[in-house]
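Take a look at the letters that make up each chain.
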Amino acid sequence: MSAPVEGKKVAPKSAAGDVLVEKEPFLAVIIADSYNKSLQPCTLDRSREVILYCTSYPQLIRSHVEKSKWSTLMNIKVIVNEDARSVGDALRDLDDKQLISTDFVLLQGDLVANLDLKSCMEIHKTTRESDKDAILTRVMKDCPPGHRTRSPNTSSLYALNRSTNQILAHQIVLDSKKVKLPTELIREAKELELRYDLLDCHITLCAAMVPSLFTENFDYQTVDDLVHGVLGNQEILGNTMHVHVVEDGYAARVTDFFTYKAVSTDVLEKWAYPFSPDTEWSNENGISLVSFGNKYAVSSKLFSKKCNLGSNVVIGDNTAIKYGASISNSVIGNNCIIGANVSIQNCYVWDNTVIEDDCSLTNTIICEQVRLYKNTQLLATSKDTMAMQNIDFVLGKGVHLGPNVTLDQPVLLTAAAMKDDWGEPFSAYESKGESGRAFNFVQPTEESSDDEEDGDDTSAEEDDSEDDAVIPDTELFYNEVLDTLQRAEKENISADNIILDINSLKHAYNIQINEVNHMVIQAVLQRPLQDISDTATSSQLLTNLKPLLKLCIHVFKNYYRSDKSQHECLLAIKEFVCDQSHDLYTPIIGQVLMFFYQNDILDEDVIVKWYETSLQPGKFKTQVSKLVEWFNEAESDSESD
Amino acid sequence: MELLASQEDMSQDEALRFLRKMEQSDQLGSFEAAYQTVKYLRQKISDSQWGKAREALDLVKEQSARLLKGQRESSVGNMIRRVMKIIKDEHFSSGKEKTDERDTQESLQKLLLADDDEEEYNQPKENLKESVIDSMCELLSELETSAEIVCANSLEHIQNNEVIMTLGNSRLVEQFFKTAVNKKRKFQVIIVESFPNYRGHELAKALTEADIKTTVVSDAAVFAMMSRCNKVIIGTNSVMADGGLKASSGTHTLALAAKHYSVPLIVLAPMYKLTPQYLSSYDQDKFNQTISPHHVLPYNSGEIINRVSVSCPLYDYVPPDLVSTYATNIGGYAPPYIYRLLADLYHPDDYNLKQELNS
């Protein structure tokens, strides 16, 4: 029970034989991934215990499903899709696979709940009967501000129709004290209820059409997006959504360290009963209640008589606690050693951890195989011991700290340096004591930028913000230009439209104008190479190239106006033919340049200057020299005339 | 072969479903749990191939591991013990003549030293399976009639114009009162409401519908009301080996108040509630079970949740000296006699099922 996170699914009741009305099967979709990186680094090495739709750790989930008793009770289908990045993606995929044909419950795997989903579903069905446009019901819990399961980041204001519980407006309230509501709302609604005390349980009862809504709107990532989208289009589409506030029962989702701690405390204090450490649901190694005050342990034979266990404590199997150690509000995993005079408060210590004598820990999550050497102090930032506190320290798997180290600022540590996509370590090495092995954990920055961007090209955006290297973007741009040219050839698109296309690509990938100049010509030269065979001759290439050049005359004129840009164009040609060794072009380069000259794209002076300054002696230069000679002849001709 | 396999799957499925149902609902009751357990074991025993008592016992043990896992209802374990006892009894009785011979010939010394039964159960016996299944059917009908038999004695316990106190809601107690009223006894009932689930209210509703004069009092008023009562009649979760009770929380207070005013405490206990377990001093807290404190302090109370610890224990242990009589389906007994009943119903080797499973 090192991580008291449990996915629960209420058993579906199959169609009962003695009932005449055929019941619809009870369908639940559980998304196994949270698509949320705020719990890193703990989750780096671990999967949640969940069922059904998964993106990461498919083997772990499969084996968990096979082992769990649920698999014999219900039909569990595990769908693995490693590309899904959000709830939206998952639902789009399900829609694609045509797996959902009835109303269903949408849950996420990090949910802890003991609600009766069946009765919630019945309420959803009744709503659907009275209001044909109702597409979803969100299950909420009444949870006033200041409550511990209210994560500080998720406070929402709901405007509801009081009699029907229909959602009229929804707004996420962060720090601002102001709320904006459309005035129509107040003018039109007969009974308006504004609620700030609702906690989203992340249980959503959806009509069968919900996945298709996600498919239609490819930028929806979360259910919240859907809610906002539907509210925005309410007048056009007329879809409505409702809220169901549950009185009894418990439901909360672990989304960050704050809620991890809150939910864990709730589980220990039995709020989530029957999901508590000593009941069958979560109990595989025989944890039982040892005394009042919610102290749980497998057996106390390795505990010193002089250790002091406070309330809300779980101690795993085969864990030793030495004399003078005091532990309260904490979960200790299996096979741990807690040294003498250690003080542990508000901590989550996972399996196989060693904490040596005289250490003192507060508000810490310690993953597996961590070792804290003597007299390591992790001190709380807040002095109010009664108030619900956030997690200050997170030590990833295998971190070593100490001896004689004191930390008093919140920090996330991992045992290995974080690496970016290029394998370059970017987290700083933190020397934490003589025997220390710890690196600062840096949250990948992509998370924050996502939310504001309109989904359209998020993949490119993410790449952009993740690493400053421009290379992939230019490559992408180059390929896109190639595609544009191919389309232009096939569909005979006008030059103006090609320019428009390239310009919009330029903005999409944030490409500098000189790079555009560089790449447009290269793309044009590249294009015919894609169509001809390896054994083709230069003359074949030329015949292929000519129509494209003609098509692009205006494009070139648009980009190569100034002398400077023309020079860049020539440099790009040289680079393309010589440096990237497209030798087929060498014999015909004269004709190509001639074409450019004759169509007033490239200026004679520029070509000559380029010829004189930038070209090394070789076949290429010889080819160009013919053209330059012709220029000179023509010049002298005209002079003599 | 395939057909057989699928049948096997189906019955296992059903068993698990039944177990899950028992776990999910605290309301299912010990009778239903006991009845389903015996029915399930009977099906297992009749479906499987076995010839020797040892094989049948192993089968039951194997199933009991699954049945008992996470099981809070003690009657499941009790019924497993009963079935094991039946198998052992039938084994010996079917070879009656031989056993008698041995009994007369062997000395006390020999009986003590013989590492008897393990070997003995490997002896094949004729018609063992049939007789075991017959006995299990008898057990089932005993279970079915047990409540009825307990209630049949209601007139002996309830006299005219008596005031009777009870706590919470027990279906057996409800039936007991109704039987008495049907036989024209006139009496009054004071019901302790039993915070925080208020099961007492349910009972009050049921009794008033049966025209029984009913008063509901709060848990705190037990002592005040006790002085005007003639009798206390309660149900229980289980009867422990020492004659004590594991009953819903508040019962200990009630029993102490009854003792103080010398009001007799009658416990309605059909025999499937009798368990060979007893409370030892070192696992006081394991004995109990705490559930969600939502009804004590609502979860949405806000910040106070962070600052207080709320607990909601389900059970009380009531020591045997506070109980006057057990009204069972095989007659009325005083607490000191319980050990004798235990020896009749269960084989001493089966008292500790968990230990058996581990070894």
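Residues numbered from 1 in each chain as written. Chains lettered and ligands numbered in written order. Predicted model: local features only at pLDDT ≥ 70, side-chain atom pairs only at ≥ 80, totals over all residues. Heavy atoms only, no water.

> Which parts of the structure should I look at to understand the overall build of chain A?
In terms of regular secondary structure, chain A is built from 20 helices and 31 strands. By residue count, 53% of the 641 residues in chain A fall in the buried class. Partitioning the intrachain contacts of chain A with sequence separation of at least 6 by distance along the chain shows that 58% fall at a separation of at least 24. By element, 48% of the accessible surface of chain A is carried by carbon and sulfur atoms, the whole surface being about 30100 Å². (Helix = DSSP H or I, 4+ residues; strand = E, 2+ residues; numbered from the N terminus. Buried < 20%, exposed > 50% of the residue type's maximum accessible area, 1.4 Å probe, protein only. Contact = heavy atoms within 4.5 Å. Areas by Shrake-Rupley, 256 points an atom, 1.4 Å probe, with all protein chains shown as cover.)

> Any chance you could explain the pairing of strand β7 (residues 156–161) of chain A here in plain terms?
Regular strands place side chains that alternate from one sheet face to the opposite one. All names here are of chain A. Counting buried positions along β7 gives 5 out of 6 residues, so the element sits mostly inside the fold. The pairing of β7 with strand β8 (residues 167–172) spans 5 bridges and is antiparallel. Paired with Leu-160 across the bridge in β8 is Ile-167. Adjacent in sequence and paired antiparallel, β7 and β8 are bridged by 5 residues, among which Asn-165 carries a positive phi angle near 65°. (Pairing = 2+ DSSP bridges.)

> Where do I start with the packing of helix α15 (residues 538–551) of chain A against helix α18 (residues 589–598) of chain A in this structure?
Packed helices, taken two at a time, are described by their axes: the angle between them and the distance between them. Residue and element names in this part refer to chain A. It is the contact of α15 with α18, at a shortest axis distance of 12 Å, that shows an interaxial angle of 15°. As the angle between them shows, α15 and α18 are arranged roughly parallel. Considering the relative orientation of α15 and α18, their crossing is right-handed. Contact residues: α15 offers Leu-542, Leu-545, Leu-549 and Lys-550, while α18 offers Gln-591, Val-592, Phe-595 and Phe-596. Across the contact of α15 with α18, the residue classes break down as 6 nonpolar, 1 polar and 1 charged. (Axes fitted to C-alpha atoms, helices over the stretch in contact; angles between N-to-C directions. Parallel < 35°, antiparallel > 145°, perpendicular 65-115°, else oblique. Left-handed = near helix turned anticlockwise from the far one by under 90°. Nonpolar A, V, L, I, M, F, W, Y, C, P; charged D, E, K, R; others polar.)

> Explain a nonpolar patch on the surface here, please?
Residues and elements named next belong to chain B. On the surface, Phe-195, Tyr-198 and Val-296 cluster together into a nonpolar patch covering about 230 Å² of accessible area. Take Tyr-198: it is sitting in the loop between β2 (187–192) and α11 (199–209). What makes Tyr-198 partly exposed here is its relative accessible area of 32%. (Patch = residues over 30% accessible without salt bridge, like charges linked within 9 Å, V, L, I, M, F, W, Y side chains within 5 Å. Salt bridge = Lys/Arg side-chain N within 4 Å of Asp/Glu carboxyl O.)

> How do you make sense of the confidence of the model for chain A when you look at a structure like this?
Caution is warranted with low-pLDDT regions, since their predicted coordinates should not be read in detail. Residues and elements named next belong to chain A. Looking at chain A as a whole, its pLDDT mean stands at 72, while 73% of the residues score no less than 70. Under a pLDDT of 50 for its full length, residues 1–26 has, in the predicted model, 55 contacts with residues more than four places off or in other chains. Below pLDDT 50 for its whole length, residues 445–470 participates in 17 contacts with residues either more than four positions away or in separate chains. (pLDDT = per-residue confidence, 0-100.)

> Please clarify how a negative patch on the surface should be interpreted in this entry.
A grouping of Asp-563, Asp-600, Asp-603 and Asp-605 of chain A is seen on the molecular surface, where their side chains present a negatively charged patch. Note that Asp-603 of chain A resides in the loop between α18 and α19 (604–614). (Lys, Arg positive; Asp, Glu negative; His and termini not counted. Charge placed at Lys NZ, Arg CZ, Asp CG, Glu CD.)

> I'm lost on the sheet that holds β8 of chain A in this one. Help?
Note: strands within a sheet are paired through backbone hydrogen bonds, in either parallel or antiparallel orientation. Residues and elements named next belong to chain A. Taken in spatial order, the 3 strands line up as β8-β7-β9 in an open sheet, and their pairing is antiparallel. Of all strands in the sheet, those bounded by a partner on one side alone are β8 and β9 (192–195). Looking at each pair of strands side by side, their axes are set apart by 10° on average, direction ignored.

> Please explain unusual backbone geometry as it appears in this structure.
Each neighbour pair has its own omega, and for Phe-195 of chain B with Pro-196 of chain B the value is 0°, a cis peptide bond. Checked against the element boundaries, Pro-196 of chain B lands in the loop between β2 and α11. Backbone geometry at Asn-341 of chain A places phi at a positive 55°, although glycine is not the residue there. Tracing the backbone shows Asn-341 of chain A in the loop between β20 (337–338) and β21 (343–349). In this structure Asn-341 of chain A comes out as partly exposed when scored by relative accessible area, which is 41%. With a phi close to 60°, Asp-211 of chain B is a non-glycine residue in the positive phi region. Relative to the helices and strands, Asp-211 of chain B is located in the loop between α11 and β3 (213–217).

> Please explain the sheet that holds strand β6 (residues 245–248) of chain B as it appears in this structure.
All names here are of chain B. With antiparallel pairing, 3 strands are arranged side by side in an open sheet as β5-β6-β8. Of all the strands in the sheet, the pair left with one neighbour each is β5 (238–239) and β8 (315–318). One ladder, built from 2 bridges, connects β5 with β6; its direction is antiparallel. When the sheet's bridge partners are listed, Ser-238 is paired in β6 with Lys-246.

> Is there a simple way to think about the packing of aromatic side chains in this case?
Each aromatic ring pair is characterised by the separation of its centres together with the angle its planes make. Residue and element names in this part refer to chain A. Counted by the stated rule, this structure contains 15 aromatic pairs over all chains. Ring centres of Phe-556 and Phe-596 lie 5.2 Å apart, and the angle between their planes is 75°; this geometry places the pair in the edge-to-face category. Taken together, the residues Phe-556 in helix α16 (residues 553–559) and Phe-596 in helix α18 connect sequence positions 40 residues apart. Using a relative accessible area of 0% as the deciding quantity, one classes Phe-556 as buried. On the accessibility criterion, Phe-596 (0% relative accessible area) is buried. Relative to Trp-630, the ring of Tyr-597 has its centre 6.2 Å away and its plane inclined at 80°; by these criteria the two rings are edge-to-face. Placement of Tyr-597 in helix α18 and of Trp-630 in helix α20 (residues 619–640) is noted, with a sequence separation of 33 residues between them. On the accessibility criterion, Tyr-597 (24% relative accessible area) is partly exposed. (Phe/Tyr/Trp six-rings, centres within 6.5 Å; stacked < 30°, edge-to-face > 60°.)

> Can you walk me through the nonpolar core in this structure?
Side chains of nonpolar character tend, in soluble globular proteins, to be buried together. In terms of nonpolar packing, the biggest core is built from 62 residues, with Phe-556, Ile-573, Leu-593 and Phe-596 of chain A touching the most fellow members. With 8 residues, the single largest contributor to this core is helix α14 (residues 513–531) of chain A. Beyond its immediate stretch of four places on either side in the chain, Phe-596 of chain A contacts Ile-521, Leu-549, Phe-556, Ile-573, Ile-601 and Leu-602 of chain A. Core analysis: the next-biggest nonpolar cluster, separate from the first, contains 37 residues, Leu-167, Val-232, Met-271 and Tyr-326 of chain B among them. (Core = buried A, V, L, I, M, F, W, Y, C linked by side-chain atoms within 4.5 Å.)

> Mind showing me how you'd approach the environment of Arg-437 of chain A here?
Residue and element names in this part refer to chain A. With respect to the helices, strands and loops of the structure, Arg-437 is situated in the loop between β30 (429–430) and β31 (438–440). Note: C-alpha distance between Arg-437 and Val-399 (38 residues apart in sequence) is 5.6 Å. If sequence neighbours within four positions are ignored, Arg-437 has contacts with Gly-398, Val-399, His-400, Thr-414 and Ala-415.

> Help me understand the pattern of salt bridges, please; the structure alone is not making it clear to me.
Should their charged atoms come close, side chains of opposite charge can pair. Counted according to the given criterion, the structure contains 17 salt bridges over all chains. Residue Lys-564 of chain A is joined to Glu-568 of chain A by a salt bridge in which the shortest nitrogen-to-oxygen separation is 3.9 Å. Here the residue Lys-564 of chain A and the residue Glu-568 of chain A both occupy positions in helix α17 (residues 563–579), the gap between them amounting to 4 residues, near one helical turn. Judged by relative accessible area, which is 62%, Lys-564 of chain A ranks as exposed. With a shortest N-O distance of 3.7 Å, Asp-58 of chain B and Arg-54 of chain B are connected by a salt bridge.

> In this structure, what is going on with the side chain of Asn-517 of chain A? I would like to understand it.
Residues and elements named next belong to chain A. Along the polypeptide, Asn-517 turns up in helix α14. Separated by 3.2 Å, the side chains of Asn-517 and Glu-568 make a polar contact. In contact with Asn-517, not counting residues within four places along its chain, are Tyr-559, Tyr-560, Ser-565 and Glu-568. (Polar contact = N/O pair within 3.5 Å; in protein donor to acceptor, adjacent residues only side chain to side chain.)

> Can you walk me through the state of the cysteines in this structure?
Every disulfide links exactly two cysteines, by a covalent bond between their sulfur atoms. All names here are of chain A. Going through the model one piece at a time under the given rule, you end up with 0 disulfides over all chains. Cys-201 provides the cysteine sulfur closest to Cys-143, a residue in no disulfide bond, and the two sulfurs are 8.6 Å apart. Accessibility expressed as a relative area gives 2% for Cys-143, which makes it buried. (Disulfide = S-S within 2.5 Å.)

> How should I be thinking about the packing of helix α2 (residues 30–47) of chain B against helix α8 (residues 128–152) of chain B in this particular structure?
Residues and elements named next belong to chain B. Running from amino to carboxyl end, α2 crosses α8 at an angle of 165°, the nearest separation of the two axes being 10 Å. Here α8 runs roughly antiparallel to α2, going by the angle between their axes. As for how α2 packs across α8, the hand of that crossing is left-handed. Contact residues: α2 offers Phe-31, Ala-34, Tyr-35, Val-38, Lys-39, Leu-41, Arg-42, Ile-45 and Ser-46, while α8 offers Lys-129, Val-132, Ile-133, Met-136, Cys-137, Leu-139, Leu-140, Leu-143 and Glu-144. Residues that form the contact of α2 with α8 fall into these classes: 13 nonpolar, 1 polar and 4 charged.

> Please explain the confidence of the model for chain B as it appears in this structure.
All names here are of chain B. Across chain B, the average pLDDT comes to 82, with 81% of residues at 70 or higher. Taken as a whole, residues 1–10 scores under 50 in pLDDT and shows 1 contact with residues more than four places along the chain or in a different chain. This stretch, residues 97–104, has a pLDDT under 50; its non-local contacts, to residues over four places away or in other chains, come to 3 contacts.

> Teacher, can you tell me more about the environment of Asn-497 of chain A here?
Locating Asn-497 of chain A in the fold gives a position in helix α13 (residues 495–509). Taking relative accessible area as the criterion, Asn-497 of chain A reaches 41% and is therefore assigned partly exposed.

> Explain the pairing of β2 of chain B here, please?
Residues and elements named next belong to chain B. Across the 6 residues of β2, 5 count as buried, placing the element largely inside the fold. The pairing of strand β1 (residues 162–167) with β2 spans 6 bridges and is classified as parallel. Paired with Thr-166 across the strands is Ile-191, a residue of β2. For the handedness criterion, the β-α-β arrangement of β1, helix α10 (residues 171–182) and β2 is classed as right-handed. Where β2 meets β3, 5 bridges bridge the pair, whose relative direction is parallel. Bridge assignment links Ile-191 to a residue of β3, and that residue is Val-216. At this point the chain moves from β2, through α11, to the parallel β3, and the crossover so formed is right-handed. (Right-handed = clockwise from strand over helix to strand, strands pointing away.)

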